[in-house]
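The residues making up each chain are set out below.
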Amino acid sequence: MEKSKKKVTQPHKKFNIVVLLMLLPWLIGFVVFKIYPIIASFIYSLQEYPILGDPTFTGFDNYVNIFTNDDTFRASLVATLKYVLIGTPAVIIVAFIVAAILNFKLKGVNFFRTAYYIPSILGGNVAVSILWTMLFDVNGPVNTVLSVFKFGGDVAINWTKDPTFAVFTLIILKTWQFGSTMLIFLSALQGVSKSVYEAAEIDGASKARQLFSITVPIITPVILFNMVNVLVKAFQEFNSAYLITKGGPNKATYFLNLYIYEQAFQNGNYGYASALTWILLAIIGVLTLIVFKSSDKWVFYND
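Residues numbered from 1 in each chain as written. Predicted model: local features only at pLDDT ≥ 70, side-chain atom pairs only at ≥ 80, totals over all residues. Heavy atoms only, no water.

Let's shift gears to the packing of aromatic side chains. Counted according to the given criterion, the structure contains 19 aromatic pairs. Aromatic rings pair up to connect Trp132, Phe136, Trp159, Phe165 and Trp176 into one cluster. The aromatic ring of Tyr254 is capped on one face by Lys251, whose charged end is 4.4 Å from the ring centroid. (Phe/Tyr/Trp six-rings, centres within 6.5 Å; stacked < 30°, edge-to-face > 60°. Lys NZ or Arg CZ within 6 Å of the ring centre and 35° of its normal.)

Structure below.
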């Protein structure tokens, strides 16, 4: 019996060693590029870490200073929350509407699916930023079109230089890049059984009733996924604010990521930037937790 036990356990030991060896490259990369930076950034956040000179341990002074003495942080937080809380619903609503339209069997629908997805691939790169700056220039095409409808009166809107409109210019850009969210919605809509709609039509339900009583409840798990995904990405926005508005005017688009970047790589305050990063992480975590907690009341799972 003892010999047979040894024969059974030895292959398992060899198998475990092989599995560990195969996972070792990933484990090394995960520890070096994920775990270590997370731990290091928290340690740096407890220090005064200038670009030149030795770090000095200061405890939670960076955090206290951010919440009590940093007016720039407050302005940056307001700009970020405005961008996130307006931009996230805008992306979700537009992506869902376009997905619902593209779910119909239309002529050339595959072309439109591809065309609507392309902006999300381009992202906030330099070319898109230049295009957006030209479109929303004082004498640009957007104001030209609006002037035809007499919108805004005789004064052209200075979209990127006016604090009232600058953040909305970036929100429009964020909404325009709804392609990946739209494809996820489209996949969910195509997964809804047609027999459910046929039964609803027999009962006399209108298209609007089918939308709000059948389609939306069935795909609420996908709505939750897209909401969290878009929310987290919105908090991480950097390119558009940096390339189009430079954080202005009057810090109206001075997002937290832009503030962190300038503190770390322009001012060389690595400790302060690390503290800002952890605060941003905490804000994302709290809002994500609120979304998940609220999902018990509006997300329906098919058990």
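Alright, that's what it looks like, and here's the rest.
Moving on: the nonpolar core. Ranked by size, the top nonpolar core spans 41 residues in total, and within it Ile66, Phe73, Tyr83, Phe235, Phe255 and Leu276 carry the most contacts. Taken together, the elements giving at least two residues each to this core come down to helix H2 (61-69), helix H3 (71-102), helix H5 (126-135), helix H7 (163-176), helix H11 (220-235), helix H12 (239-245), helix H13 (256-266) and helix H14 (270-298). Residues within four places of Phe73 in sequence aside, it is in contact with Ile66, Phe67, Leu256, Tyr259, Leu276 and Ile279. In this structure, Ile92, Ala99, Leu102 and Ala188 belong to the second largest nonpolar core, which totals 21 residues. (Core = buried A, V, L, I, M, F, W, Y, C linked by side-chain atoms within 4.5 Å. Buried < 20%, exposed > 50% of the residue type's maximum accessible area, 1.4 Å probe, protein only. Helix = DSSP H or I, 4+ residues; strand = E, 2+ residues; numbered from the N terminus. Contact = heavy atoms within 4.5 Å.)

Our focus in this paragraph is unusual backbone geometry. Keep in mind that most residues, glycine aside, have a negative phi and that most peptide bonds are trans. With an omega dihedral of -5°, the bond running from Gly248 to Pro249 counts as a cis peptide bond. If you trace the backbone, Pro249 turns up in the loop between H12 and H13. Of note, Lys251 is a non-glycine position whose phi angle comes to about 60°, a positive value. Mapped onto the elements of the fold, Lys251 is located in the loop between H12 and H13.

Time to look at the side chain of Arg113. Structurally, Arg113 is set in helix H4 (residues 109-122). Buried within the structure, Arg113 lacks any salt-bridge partner; Glu198 is the closest side chain of opposite charge, at an N-O distance of 17 Å. In contact with Arg113, other than residues within four places in its own chain, are Leu102, Asn103, Met182, Leu186 and Gln190. (Lys, Arg positive; Asp, Glu negative; His and termini not counted. Salt bridge = Lys/Arg side-chain N within 4 Å of Asp/Glu carboxyl O.)

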